[in-house]
Amino acid sequence: QVQLVESGGGLVQAGGSLRLSCAVSGRTFRIDDMGWYRQAPGKQRELVAVAISRGSTNYADSVKGRFTISRDSAKNTVHLQMNSVQSEDTAVYYCNAGIRRDITSLTVRYWGQGTQVTVSA
């Protein structure tokens, strides 16, 4: 069974840094992409950053220049380095991955359980 396990959330002061990590466990044939979404109270879940194969990345405009996503394909992990955090970054952060479990299967999207990031003034 495929699982995404997140770590690294917590409380951080505005202007500080935090690093989130996500690891994929279970049998996989190919991971097409890995990324991070977030959901603040009363708001819809939104894309933060995604790492696609061959080093291609995409970021939400609100985090460009502050957050960096990195993916280790050999270890099936993805990290989100969050610098210069702001109160607006407070949210539950979810890891997401598009995974094919074997050569005959379609790509299925998997989600982690979420990790809370709280930015204090």
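See the structure printed just above.
The structure contained in this document is the topic of the report that follows. (Residues numbered from 1 in each chain as written. Predicted model: local features only at pLDDT ≥ 70, side-chain atom pairs only at ≥ 80, totals over all residues. Heavy atoms only, no water.)

It is worth spelling out the overall build of the protein chain at this point. Scanning the protein chain for helices and strands turns up zero helices and 11 strands. Counting from the amino terminus, the protein chain carries its helices and strands in the arrangement β-β-β-β-β-β-β-β-β-β-β. Taking 2.2 N^0.38 as the reference for a compact globule, 121 residues should give roughly 14 Å; the C-alpha atoms of the protein chain span a radius of gyration of 14 Å, in line with that estimate. Projecting the C-alpha coordinates of the protein chain onto the three principal axes gives extents of approximately 50 × 25 × 25 Å. In the protein chain, which comprises 121 residues, the proportion classed as buried is 40%. For the protein chain, long-range pairs separated by at least 24 residues make up 56% of all intrachain contacts whose partners lie at least 6 apart in sequence. Carbon and sulfur atoms provide 49% of the accessible area of the protein chain, an area that totals close to 6,600 Å². Across the protein chain, the 14 positively charged side chains and the 9 negatively charged ones have centroids separated by 5 Å. (Helix = DSSP H or I, 4+ residues; strand = E, 2+ residues; numbered from the N terminus. Rg over C-alpha atoms; globule rule 2.2 N^0.38 Å. Buried < 20%, exposed > 50% of the residue type's maximum accessible area, 1.4 Å probe, protein only. Contact = heavy atoms within 4.5 Å. Areas by Shrake-Rupley, 256 points an atom, 1.4 Å probe, with all protein chains shown as cover. Lys, Arg positive; Asp, Glu negative; His and termini not counted. Charge placed at Lys NZ, Arg CZ, Asp CG, Glu CD.)

For the rest of this paragraph, the subject is the nonpolar core. Residues L4, W36, L80 and Y93 are the most contacted members of the largest nonpolar core, which totals 30 residues. Taken together, the elements giving at least two residues each to this core come down to β3 (18-25), β4 (30-39), β5 (46-52), β7 (67-72), β8 (77-82), β9 (91-100) and β11 (115-120). By residue number, the principal contributor to this core is β9, which donates five residues. Dropping the residues within four chain positions of it, L80 is found in contact with L18, R19, L20, W36, V48, A49, F67, T68, I69 and Y93. (Core = buried A, V, L, I, M, F, W, Y, C linked by side-chain atoms within 4.5 Å.)

Attention now moves to the environment of V2. With respect to the helices and strands, V2 occurs in the segment before β1 (3-7). A residue is classified by how much of its surface remains accessible, and V2, at 7% relative accessible area, is buried. When the C-alpha atoms of V2 and R27 are compared, they prove to be 6.4 Å apart, with 25 residues separating the residues in sequence. Once residues within four sequence positions are removed from consideration, V2 is found in contact with V24, S25, G26, R27, T28, I99, R101 and Y110.

Taken by themselves, the reported measurements are silent on function.
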